[in-house]
Structures are given as C-alpha cells and as structure tokens.
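# Secondary and tertiary structure notes
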Amino acid sequence: DVQLQAFGGGLVQAGGSLRLSCAFSGFTFDDYVIGWFRQAPGREREGVTCIANSDGMTYYSDSIKGRLTISSDSAENTVYLQMNSLKPEDTAVYYCVATQGTAERCGLYNGMDYWGKGTLVTVSS
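## With respect to the state of the cysteines
Under the definition given, this model contains two disulfides. For C22, the disulfide goes to C96, at an S-S distance of 1.8 Å. Of note, the bridge from C22 to C96 carries an S-S torsion of about -80 degrees and is left-handed in sense. Here C22 is found in strand 3 (residues 18–25), whereas its partner C96 is found in strand 9 (residues 92–99), with 74 residues between them in sequence. Of the two residues, C22 and C96, both sit in the buried class. Here C50 connects covalently by a disulfide to C106, the sulfurs 2.2 Å from one another. Disulfide C50-C106: torsion about the S-S bond near 65 degrees, hence right-handed. Highlighted residues: C50 in strand 5 (residues 46–52) and C106 in the loop between strand 9 and strand 10 (114–115), separated in sequence by 56 residues. For the pair formed by C50 and C106, the shared burial category is buried.

Rules used throughout
For every chain, the first residue of its written sequence is number 1, and the numbers climb from 1 along that sequence. In view of the model being predicted, local features appear only for residues whose pLDDT reaches at least 70, and side-chain atom pairs are presented and counted only at 80 or more, with totals across whole chains, interfaces and linings using the full set of residues. The basis for the side-chain values is all heavy atoms of the structure; hydrogens and waters are excluded. Put simply, a disulfide is two cysteine sulfurs that come within 2.5 Å. Runs of E in the DSSP output that reach at least two residues are strands. Runs of H or I that reach at least four are helices, and both are numbered from the N terminus. The classification of residues rests on relative accessible area computed with a 1.4 Å probe and restricted to protein chains. Under 20% of the type maximum is buried, over 50% is exposed, and intermediate values are partly exposed.

This is how it looks when you write it as structure tokens:
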C-alpha cells in the first residue's frame, strides 16, 4: 500500500523557517511524483510543490516560489519541504501527496491520488 507520513509542523514567527519531512513507502519513487498540498481554514486546497525523481522536475506555486524549496533523498525514502521567510498566509495544514505522472500535476486541484495525514503549520504575525 502507498503510505505517506508528514512531520515537522509547528508554530513559527513570521519571517522564520521550518522544515517538513514526508516519509513514503509502498511504491517506487521513479514511478511517482511526490509533493505537498496545503489547506488553510476557509480556503480551497492548493498544490504547493512537487518533485519527480525520474527526471528531477519540480513544480512550485507562484505564491511560495523563492521561499519554499522541495528536495528528496531517495535512499531515505523521504521528501523535504524547506520553508523560509514564512508569512501568516502560509498557515495551513500541509499534506504529503503522491501520484503517477509529472510534477505539473501538482498544479491541479484533483491531481493527486494519494494523501497522507497532514501536519499543521502556524505562522504568527
């Protein structure tokens, strides 16, 4: 079974940094795209960033580009989200997600087929 486990959420001040981790199992990374969606209270879920190990291609939403960076360690079966210069609007539950396809599927509302349990990131002003 495909399993995705997100870790690292917490409370951080605006302008601060946080690093999220996603441990995955049950599939071969080369055949899947892994990344992060988020959902804030009262807002629709959105794709934040994804990475495809097969070609190294990434997707970033315009709202976080330049502040958040996705990376992976295939040997550790882990994907990371380094979050810098955090803003209050980044407050959301962050979900580790996966699908078969390209990293660009991260930009589709229904682009991901597998979802892990979320981790809450709260950015104070």
